[in-house]
Amino acid sequence: MKGIRGIAAGLLLLLGVYALTGFLLLGRGEVAVILTYDLRRVKGLNDLILLIYGDLPESDVKTIRFKDRPLLSTPMGKLYWHLPKPFHVHYKFRVGSRDYELRTTVILPLATDEEGRLLYWSLLTRDEFKTFSLYNYIRDVFSGKNPYEGLEIPVIVLDGRYRIIDIDRFTQTYRSEENENRRYPWLYPRWRGHSLIRELLENAFQVYVMNKTYQTYRHIAETHPELIIQERVRETYEIISSDLPGLVEGLLENRGVTMLEERYGIEVSRELRIRIEYITP
Amino acid sequence: MEARGEIWYYLIEDPLGEGETIGYSQHQLQGAFEEHRNGGAVRRVLYTPRGWRKEGDLLRRFEEELWRRYEDRAGRRMDWVWFLRFCGAALCIYAFEPLFKLAYIPLSYHLSRYLFLTREIIETILDPIVIPFATALGFILGLSPLILTFIITHQYIAREARREGEIAEWLRELMKQEVEIRESGELRDFRENIRGLVEEVRGSFRDLYSPAMEVRVKTCRRLMRRLAEMQAQASYFGLEPLVDYYHRLKTSFYRLSRERRILGRNKALNRWLVELKTWR
């Protein structure tokens, strides 16, 4: 057969390149998470797409640390090898403290539907709480108008650091869980590792600020039941705008953050830097 | 060089070795193959300077070597074709994932700035329509290095290899037919005229293996000049296939690339290479 030597050489090349994808170079202080996929779970096209996106549920999560016995020690780091894609996939991360920056606006929820989605809400601006309804919001979006146009909105910016204290627990963030978004890996990419931590922190921060705002509003409503809604909102504005950084107090003891420490082995530093920025969308 | 339905072979002195050899034109051979493809009959004609002797055997040996050479070349080309295709596949190992993901750029996310697209609308209406197309596009994009290599190798190398294989097959078939031998006065005169040149070339041929680089290079240069003179003589006598033959022989000396690469470092010999280029 013509070209048989080419096929043989090409096959060797292909196998060589394929095997190369399994190599992994770890520097000092770096850790790798190796995910193992159970290929028997690939049943249809959607599973295949999930596999391409690295979103198929893993059957095993292993950790390789710098102190583990390598295949080869090089000046650039230690060389390890695992079975190539799609059997195993690796992610590297550096152990140590990391900076984060979280941002949130202050929203006072006035009414929600049974699933907690906002129907009426007040957005804190420089001068007052500006009230929005979902109906008006949608109408503006449909007509091509920006519902928040021209407003001067304060944004609370939080700078801090966190540190991985338990690698085994941290690597659990790489484990895929069944969730409703699994069908759309390209629309709802799954956060892993540091980006998951940052996402969880951001969520905890936003929910915390919203709850604190709402608690202030509830407190006014309970102590002054004679006030109408607009007056309560105005009162809340007076209290909150006088001490905007105060909204962050107690965040580190919040359930979301402590859950992060317990579940994922992350220690959030006690020193936070709070800034207020004004944006005009 | 008109030779309707004929391949012309010429019995000439072998400039690069002892004895006689066959001179022919590759262009004419391929032209004859095209004619054969279009349904025409092709005959082989051997021009000799004298009457019938044992030239038929020489031609047979030469033709056997010729079709083998064509077959080898076709095989080598196919080797490259398959090797390049596997290179494309190897590239796919790295490029497949990012290219596949290009098909899934969430357009709806960007469109949501201008249209009211909620997650529910996307999931219930847009996705079922878009996903099958995006998947197909993703696979096409992801495998595009492989697909492109297949197209390019087929277009430029595999077709050429198949043609060469067909020529080899055809030459083999053609050998079963009787060869026509013609005496040619022009060929006789041509051979008389270049006799001195051929002897000079044969004499300097062993210098090609000289240990001194400069000698080898100078010999190359001299050989090419003599071959160019033979080419001019062939043209003078109207032996067009031989013009092509000597030209091919001459240019084959340019391919002493190993020496040219070594010479690249040497200034004096580099100058020679520049001169060679202008002369060419």
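Residues numbered from 1 in each chain as written. Chains lettered and ligands numbered in written order. Predicted model: local features only at pLDDT ≥ 70, side-chain atom pairs only at ≥ 80, totals over all residues.

### What to know about the overall build of chain B
What counts, and what does not: Numbered from the N terminus, helices here are DSSP runs of H or I no shorter than four residues, and strands are runs of E no shorter than two. As a rule, residues whose C-beta atom has 12 or fewer other C-beta atoms within 10 Å are exposed, those with 20 or more are buried, and those in between are partly exposed; C-beta atoms are placed from the backbone. Distance between backbone-placed C-beta atoms decides contact: two residues are in contact if it is within 7 Å.
Helix and strand content of chain B: eleven helices and four strands. The buried share of chain B, taken over its 280 residues, is 26%. A separation threshold of at least 6 residues defines the contact pool for chain B, and within that pool the share at least 24 residues apart is 77%.

### Looking at the sheet that holds strand S2 (residues 20-23) of chain B
Residue and element names in this part refer to chain B. Put simply, the rule reads: Between any two strands, pairing holds if DSSP finds at least two bridges. With axes taken as lines fitted to C-alpha atoms, and helix axes fitted only over the stretch in contact, angles between N-to-C directions fall between 0 and 180 degrees.
Judged by pairing direction, the sheet is mixed, and its four strands sit side by side in the order S2-S1-S3-S4 without closing on themselves. Taken across any chain shown, the strands that pair with only one partner, and hence form the sheet edges, are S2 and strand S4 (180-183). Sheet twist, expressed as the average angle between the axes of neighbouring strands with direction ignored, equals 30°. By the bridge criterion, four bridges tie strand S1 (residues 6-13) to S2 in an arrangement that is antiparallel. In the strand pairing of S2, Glu-13 is matched with Glu-20.

### So, the sheet that holds strand S8 (residues 107-112) of chain A
Sheet strands pair via backbone hydrogen bonds, and the direction of the pair is either parallel or antiparallel. Residue and element names in this part refer to chain A. Overall, antiparallel pairing links the three strands, which are arranged S8-S9-S10 in an open sheet. Sheet topology places S8 and strand S10 (129-133) at the edges, where each strand pairs with a single neighbour. If you compare each strand with its neighbour and ignore which way they point, the axes differ by 20° on average. Sheet topology places S8 next to strand S9 (residues 118-124); five bridges connect them, and they run antiparallel. Note that in S9 the partner of Pro-109 across the bridge is Trp-121. Lying over the sheet, helix H3 (residues 134-142) contacts S9 and S10, oriented at roughly 80° with respect to S10.

### A few points about the interface of chain B and chain A
Our working definition: We call Asp, Glu, Lys and Arg charged. Ala, Val, Leu, Ile, Met, Phe, Trp, Tyr, Cys and Pro are nonpolar, and the rest, Gly among them, are polar.
In this complex, chain B contributes 23 residues to the contact, which on the side of chain A involves 22 residues. Sorting the residues of the side of chain B that touches chain A by element identifies helix H2 (55-102) and helix H4 (119-142) of chain B as the ones contributing at least two each. No other element matches the 16 residues that H2 of chain B contributes to the side of chain B that touches chain A. Its residues assigned to classes, the side of chain B that touches chain A shows 16 nonpolar, three polar and four charged.

### Some remarks on the environment of Arg-117 of chain A
Residue and element names in this part refer to chain A. As for its placement among the helices and strands, Arg-117 is situated in the loop between S8 and S9. Residue classification places Arg-117 among the exposed residues on the basis of 9 C-beta atoms within 10 Å. Between the C-alpha atoms of Arg-117 and Leu-134, which are 17 residues apart in sequence, the distance is 9.7 Å.

### Quick notes on the environment of Gly-27 of chain A
Residues and elements named next belong to chain A. Relative to the helices and strands, Gly-27 resides in the loop between strand S1 (23-26) and strand S2 (30-37). Classification of Gly-27 as exposed rests on a count of 11 C-beta atoms within 10 Å. Separated by 86 residues in sequence, Gly-27 and Asp-113 have C-alpha atoms that sit 51 Å apart.

### A word on the packing of helix H5 (residues 193-223) of chain A against helix H6 (residues 229-242) of chain A
All names here are of chain A. Let me state the cut-off plainly: Under this scheme an angle from 65 to 115 degrees is roughly perpendicular, one under 35 degrees roughly parallel, and one over 145 degrees roughly antiparallel; angles in between are oblique. Note on convention: the crossing is left-handed when the near helix lies turned anticlockwise from the far helix by less than a right angle, right-handed when the turn is clockwise.
Close contact between H5 and H6 brings their axes to 9 Å; oriented N to C, the two are set at 125°. Judged by the inter-axis angle, H5 sits oblique to H6. In this structure, H5 meets H6 at a crossing whose hand is right-handed. For the pair H5 and H6, contact is made by Thr-213, Thr-216, Tyr-217, Ile-220 and Ala-221 and by Arg-232, Glu-235, Thr-236, Ile-239 and Ile-240, respectively. In terms of residue class, the contact of H5 with H6 is built from five nonpolar, three polar and two charged.

### Digging into the domain arrangement of chain A
All names here are of chain A. For clarity, the threshold we go by: The split of the chain into domains comes from an automatic or database domain assignment.
Taken domain by domain, chain A comprises domain 1 (7-95) and domain 2 (99-279). Measuring from the centre of the C-alpha atoms in domain 1 to the corresponding centre in domain 2 gives 37 Å. Of the residues lining the interface, 16 residues belong to domain 1; the matching set on domain 2 comes to 16 residues. At the level of secondary structure, the elements contributing two or more residues to the side of domain 1 that touches domain 2 comprise S2, helix H2 (45-52), strand S3 (58-65) and strand S6 (88-94). In terms of residue class, the side of domain 1 that touches domain 2 is built from twelve nonpolar, two polar and two charged.

### A look at the pairing of S9 of chain A
Counted along the chain from S8 of chain A to the antiparallel partner S9 of chain A, the turn is five residues long, and its residue Gly-116 of chain A has a positive phi close to 85°. Count of turn residues in the S9 of chain A/S10 of chain A antiparallel hairpin: four residues.

### Comments concerning unusual backbone geometry
Of note, the bond from Lys-85 of chain A into Pro-86 of chain A is cis; its omega dihedral lies within 30 degrees of zero at 0°. You can see Pro-86 of chain A is positioned in the loop between strand S5 (77-81) and S6.

### Comments concerning the pairing of S1 of chain B
Residue and element names in this part refer to chain B. Along S1, seven of the eight residues are buried, which leaves the element largely enclosed by surrounding structure. Of the pairings in the sheet, the one linking S1 to strand S3 (residues 43-48) comprises five bridges and is parallel in character. If you follow Tyr-10 over to S3, its bridge partner there is Tyr-47. In this structure, the hairpin formed by S1 and S2 is closed by a connection of six residues, where Gly-19 is found at a positive phi of approximately 80°.

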